[in-house]
There are 2 protein chains.
Amino acid sequence: MRTMNGEITKRTVTPEQLQEHIGEQVQIHGSIYKIRKMRGFAFVLLRTARQVVQCIYSEEKAGFSLDELVEESCVIFTAEVVAEERSRTGYELHLLSVEVLSKPEEASPIVINNKLVDTSLENLLNYRPITLRNEKERAIFKIQEGITFGIRKFLQENGFTEIHSPKIVYSGAEGGANIFRIGYFGREAYLAQSPQFYKQMMVGVYERVFEIAPVFRAEKHDTSRHLNEYTSVDFEMGYIESFEEIMQTETAMLRSVTEYLKAYYEPELTLLSVTLPTVTEIPAIRFLEAKELVAKEYRREIKDYEDFEPEEEKLLCELIQKKTGSEFVFVTHYPSKKRPFYAMESAENSEVTESFDLLFRGLEITTGGQRIHSYEEQVAKMERLGMNLSLFESYLMMHKYGMPPHGGLGLGLERFTSKLLGQENVRRATLFPRDTGRLEP
Amino acid sequence: MRTMNGEITKRTVTPEQLQEHIGEQVQIHGSIYKIRKMRGFAFVLLRTARQVVQCIYSEEKAGFSLDELVEESCVIFTAEVVAEERSRTGYELHLLSVEVLSKPEEASPIVINNKLVDTSLENLLNYRPITLRNEKERAIFKIQEGITFGIRKFLQENGFTEIHSPKIVYSGAEGGANIFRIGYFGREAYLAQSPQFYKQMMVGVYERVFEIAPVFRAEKHDTSRHLNEYTSVDFEMGYIESFEEIMQTETAMLRSVTEYLKAYYEPELTLLSVTLPTVTEIPAIRFLEAKELVAKEYRREIKDYEDFEPEEEKLLCELIQKKTGSEFVFVTHYPSKKRPFYAMESAENSEVTESFDLLFRGLEITTGGQRIHSYEEQVAKMERLGMNLSLFESYLMMHKYGMPPHGGLGLGLERFTSKLLGQENVRRATLFPRDTGRLEP
């Protein structure tokens, strides 16, 4: 019987450790990203977990032929770490020998080792397992990881408990046509459009909760901002005095995330030339005021008093940035008609809700608001809307047995990432996007 | 236009802050968990985000009648923090006044504020939104949060990148009948049984990746250890020298998690009287040896040479603990017939695979192993198994264009939690379980 003690002795060093080995021989593993032949020597770029490491091949030092190296081969190099003042890192890596772990069957049909993957979005996504190996492509999702780590850190420090709610559900949270149906042991079930019901229930348990998980929307929209499956960052908090507390919490969270990215994701931010937004103060404007402001400023006619057109969201952001410098803007008090049945209406005007969206660089990235916590009030509203109460028995259970005033929000991770990186299409910030036409890879 | 600056000034203090306010008046919010009437006064237990705080009601001090307080009411108390040497906390909380934020419509049909919720598992789950309010019930999922936080911290520190892979997929990773079908814009799609394909693809990108997300299994088993939706902790790592590296990494991870729980979740561990396992060394035994050992030791006949019976897993764990003291045991080299098409077979014997399960306290909680990384080898094996290669084009893309030796594992979060807490049924450690009969709440 063997025994595992949790120790792994790797014979290879990581790129981060090279500094400590100047003047020594080391072994380092990675994938050959690019071979650049020069006069009398060659640069061999090795793709490692996070960095692309430059190695120098010369015939006199290396005990092997350059022909043995193929791009996208996985190798272990033995190399000498030579001090070199002129190098940014303070050393050069001179190749001595190579152990080839694997070779590609053939060369990729798409060139992935240039600065950019020069192909159509369609191809970029079709060949995702390969195109993600490009240095800039993979940096996108490293930053996305940083966003979720930053969010988790902030929420954990602020007393939120992380939950895992079911994605197969009996009834859809928001209802409507945009719901995926699944066969469930002879019954029909749905894919959750949001963790809304569950996060509310859990406010009754932990006061503050969050979840970062997939949600599913069967929307037929085929636009640059819609996905049929995306990662939703949801939080919900109890004992709020007004829905402004939710906006304040999101403001603090976004500030915290940008600081986290600055601290830990500088290499990727630099590689992608990302300009992080400054999150000092975020203006909040009422929906109707926003509509009128945009109409007046840009001499547009208001066609729809209940919703924004995408163009209006862009113009509003442009305007707010010009006026206040903020790239974010909260739009508050959306019409009751356009908000779900659990949205709390304003005390002074039941036509509008205690709700908000957050727009960032022209796009809605968050929807949130205060929810109805009184059983009586919630039941009355559902009856007014002609809803079948019996379908919501387990949801209403929490109201029936006591709930604090509460509210929360959902933030679309891919939308936020794409806008942060200045991308035009949300698919660019989705690892393996799902849309009406795409189920693969 | 208003402005959000990210600051929230709460008028209430948290239980953790009470210590700093001895001798002062404070406001504190929460839900009334239990009222215990004594001779001349009453204990009022206030359920807050993480603690149940004991308050003292006496007619002379309080400016309100005890009748105003109802269990599961949400309130803001004004109270005096009185120094009291005999109290464990060093103070007592004397109620002065109350602001009632909400009242339950009626009393819960299930008593939730005793030490245990004394009801059937069926009822416990039917009334989840309410029964989770019980102090011990909610402690289960607080510890579960601690497990994921501990895992994330370990993986982050060890160079793993967190990913979000799609749950709606074109073909099932493991195939077979246990797959949920969904309608997808006129086509048929499936719910992912695991992130297997995607985490492998991402090894080609980041070398080491992980994901903590829901997976879906349409298994008809209705046992104490099966769920149709559960949270899978998956990691996958490249450049391994053998599959032992994966077991070593899991050993280190489990050790790290128990230390994390000890450091940050002591209140819940104490409340639930949890005995954390010691993770110093985990024995690893070959599948066939394990079968024979159990057969010999317990005088059992081996009926199935390709798999364990649940009873055998229990007996093996019992035996290993007796012999080595370890509550964990790795079982290695499972028969090739029982492992998926991507499992790497042992060089010395193709009848077995470079794979393992981890058993803990009688139950399999992890399956892992090394994967085939050579295109040629993978295609040959798939052809031998009569598989339709055209369905796996995007999966095989990674092999075709070069992959490092790699492997990984999946750990069932709910199974691990339930065994850690000494529970008999995995549903006890699932927030809102899904099984063949349960879709609600």
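Parameters at a glance
Residues numbered from 1 in each chain as written. Chains lettered and ligands numbered in written order. Predicted model: local features only at pLDDT ≥ 70, side-chain atom pairs only at ≥ 80, totals over all residues. Heavy atoms only, no water. Contact = heavy atoms within 4.5 Å. Buried area = accessible area lost by both parts, 1.4 Å probe. Salt bridge = Lys/Arg side-chain N within 4 Å of Asp/Glu carboxyl O. Polar contact = N/O pair within 3.5 Å; in protein donor to acceptor, adjacent residues only side chain to side chain. Helix = DSSP H or I, 4+ residues; strand = E, 2+ residues; numbered from the N terminus. Pairing = 2+ DSSP bridges. Axes fitted to C-alpha atoms, helices over the stretch in contact; angles between N-to-C directions. Nonpolar A, V, L, I, M, F, W, Y, C, P; charged D, E, K, R; others polar. Least-squares fit on C-alpha atoms with pLDDT ≥ 70 in both. Expected span 1.5 Å × (residues − 1). Buried < 20%, exposed > 50% of the residue type's maximum accessible area, 1.4 Å probe, protein only. Patch = residues over 30% accessible without salt bridge, like charges linked within 9 Å, V, L, I, M, F, W, Y side chains within 5 Å. Areas by Shrake-Rupley, 256 points an atom, 1.4 Å probe, with all protein chains shown as cover. Lys, Arg positive; Asp, Glu negative; His and termini not counted. Charge placed at Lys NZ, Arg CZ, Asp CG, Glu CD. Phe/Tyr/Trp six-rings, centres within 6.5 Å; stacked < 30°, edge-to-face > 60°. Lys NZ or Arg CZ within 6 Å of the ring centre and 35° of its normal.

Q: For the interface of chain A and chain B, give the residues involved together with the corresponding values.
A: Listed by partner, the interface residues are 124 residues for chain A and 124 residues for chain B. For the pair chain A and chain B, the two sides together bury roughly 10,700 Å², of which 60% comes from carbon and sulfur. Together, M4, Y401 and L439 of chain A form the three largest contributors to the area buried by chain A at its contact with chain B, with a combined 8%. Applying the counting criterion to the chain A and chain B interface returns 8 salt bridges. One salt bridge connects E241 of chain A with R11 of chain B, and the closest N-O pair in it is separated by 2.7 Å. There are 64 residue pairs in polar contact (both at pLDDT 80 or more) connecting chain A and chain B. Broken down by element, the side of chain A that touches chain B gets its largest block of residues, 9 residues, from helix α5 (residues 244–264) of chain A. Sheet analysis places strand β13 (residues 282–286) of chain A next to strand β1 (residues 2–4) of chain B, joined by 3 bridges and oriented antiparallel.

Q: So what's going on with the packing of helix α9 (residues 375–384) of chain A against helix α10 (residues 393–400) of chain A? Residues and values would help.
A: Residues and elements named next belong to chain A. It is the contact of α9 with α10, at a shortest axis distance of 8 Å, that shows an interaxial angle of 145°. The residues of α10 that touch α9, namely those facing Y375, Q378, V379 and M382, are Y395, L396, H399 and K400. A breakdown of the residues in the contact of α9 with α10 according to their chemical character gives 5 nonpolar, 2 polar and 1 charged.

Q: Kindly report on the relation of the copies chain A and chain B, identifying the contributing residues and their values.
A: Expressed as a screw transformation, the operator carrying chain A onto chain B has a rotation angle of 180° and an axial translation of 0.0 Å, and the superposed copies differ by an RMSD of 0.0 Å. The symmetry that links the two subunits is that of a two-fold axis. Of the C-alpha atoms belonging to chain A, the one lying closest to the rotation axis is found on I182 of chain A, 2.3 Å away. Interface overlap between copies: 100% of the residues of chain A at the interface are likewise at the interface in chain B, consistent with a symmetric, same-surface contact.

Q: Give me the sheet that holds strand β17 (residues 406–412) of chain B: which residues, what numbers.
A: One open sheet accounts for 9 strands, arranged β1(A)-β13(B)-β14(B)-β15(B)-β16(B)-β17(B)-β12(B)-β11(B)-β7(B); its pairing is mixed. Across the chains shown, the open sheet's two edge strands, defined by having one partner strand only, are β1 (2–4) of chain A together with β7 (161–162) of chain B. Bridge analysis of strand β11 (residues 208–216) of chain B against strand β12 (residues 229–238) of chain B gives 9 bridges, and the strand direction is antiparallel. From the neighbouring strand, F216 of chain B faces β12 of chain B, where its bridge partner is E229 of chain B.

Q: Any chance you could break down the environment of I76 of chain A for me, citing the residues and the numbers?
A: With respect to the helices and strands, the residue I76 of chain A is situated in strand β5 (residues 74–83). Apart from the residues within four sequence positions on either side, I76 of chain A is in contact with R11, T12, Q27, I28, H29, S97, V98, E99 and L101 of chain A.

Q: So what's going on with α5 of chain A? Which residues, and what values?
A: What sets the pattern is the α-helix's 3.6 residues per turn: residues three or four places apart point alike. Its 21 residues give α5 of chain A an end-to-end C-alpha distance of 30 Å, which sits within 8% of 30 Å, the value for a rise of 1.5 Å per residue. By the criterion of burial, α5 of chain A is predominantly enclosed, with 15 of the 21 residues buried.

Q: An account of the pattern of salt bridges is requested, with residue identities and associated values reported.
A: Residue and element names in this part refer to chain A. For the structure on display, the rule yields 64 salt bridges over all chains. For R133, the salt bridge is made with E72, and the minimal N-O distance between the two is 2.9 Å. Here R133 is found in the loop between α2 (128–131) and α3 (135–157), whereas its partner E72 is found in the loop between β4 (52–57) and β5, with 61 residues between them in sequence. We classify R133 as buried; its relative accessible area is 0%. Notably, a salt bridge pairs E236 with R371, separated by 2.8 Å at the nearest N-O pair. Of this pair, E236 sits in strand β12 (residues 229–238) while R371 sits in strand β16 (residues 363–371); the two residues are 135 residues apart in sequence, bridging distant segments of the chain.

Q: Talk me through the sheet that holds strand β17 (residues 406–412) of chain A; I want residue IDs and the actual numbers.
A: Across the sheet, which stays open at both edges, the 9 strands sit in the order β7(A)-β11(A)-β12(A)-β17(A)-β16(A)-β15(A)-β14(A)-β13(A)-β1(B) with mixed pairing between neighbours. Sheet topology places β7 (161–162) of chain A together with β1 of chain B at the edges, where each strand pairs with a single neighbour. Looking at chain direction, β13 of chain A and strand β14 (residues 328–332) of chain A are connected through 3 bridges and run parallel. Residue pairing for β14 of chain A: R286 of chain A is matched across the bridge by T332 of chain A. Sitting on the sheet, α5 of chain A is in contact with β12, β13, β14, β15 (355–360), β16 and β17 of chain A together with β1 of chain B, with an inclination near 125° to β12 of chain A. Most of the contacts of helix α11 (residues 413–420) of chain A go to β17 of chain A, to which it runs at about 55°, and overall it touches β12, β14, β15, β16 and β17 of chain A.

Q: Describe the side chain of K167 of chain B, naming the residues involved and giving the relevant values.
A: Along the polypeptide, K167 of chain B turns up in the loop between β7 and β8 (168–169). At 3.2 Å, the side chain of K167 of chain B and the side chain of S165 of chain B are in polar contact. Residue contacts for K167 of chain B: discarding those within four places in its chain leaves P214, F216 and E229 of chain A together with Y190, L191, A192, P195, E211, A213, P214 and F216 of chain B.

Q: Outline the side chain of T148 of chain A, supporting the account with residue identities and numerical values.
A: Of note, T148 of chain A is situated in helix α3. When residues no more than four places from it in sequence are discounted, the contact partners of T148 of chain A are I212 and L413 of chain A together with E162 and H164 of chain B.

Q: Go over a negative patch on the surface with me, naming the residues and quoting the values.
A: Taken together, the side chains of E105 and E106 of chain A together with E376 and E377 of chain B define an acidic patch exposed on the protein surface. Relative to the elements of secondary structure, E105 of chain A occurs in the loop between β6 (91–102) and α1 (121–126).

Q: I'd like a description of the packing of aromatic side chains, backed by residues and values.
A: On inspection of all chains with the given rule, the structure shows 42 aromatic pairs over all chains. On the numbers, 5.4 Å between centres and 65° between planes, the contact of F341 of chain A with F392 of chain A is edge-to-face. You can see F341 of chain A sitting in the loop between β14 and β15 and its partner F392 of chain A sitting in the loop between α9 and α10, a full 51 residues away along the chain. F392 of chain A sits in the buried class, given a relative accessible area of 8%. Through successive ring pairs, a cluster of aromatic residues spans F197, F341, Y342, F392 and Y395 of chain A. Against the face of Y206 of chain B rests K142 of chain A, its NZ or CZ located 5.9 Å from the ring centre.

Q: Tell me about the environment of K220 of chain A, and please be specific about residues and values.
A: Along the chain, K220 of chain A falls in the loop between β11 (208–216) and β12. If sequence neighbours within four positions are ignored, K220 of chain A has contacts with T436 of chain A together with F185 of chain B.

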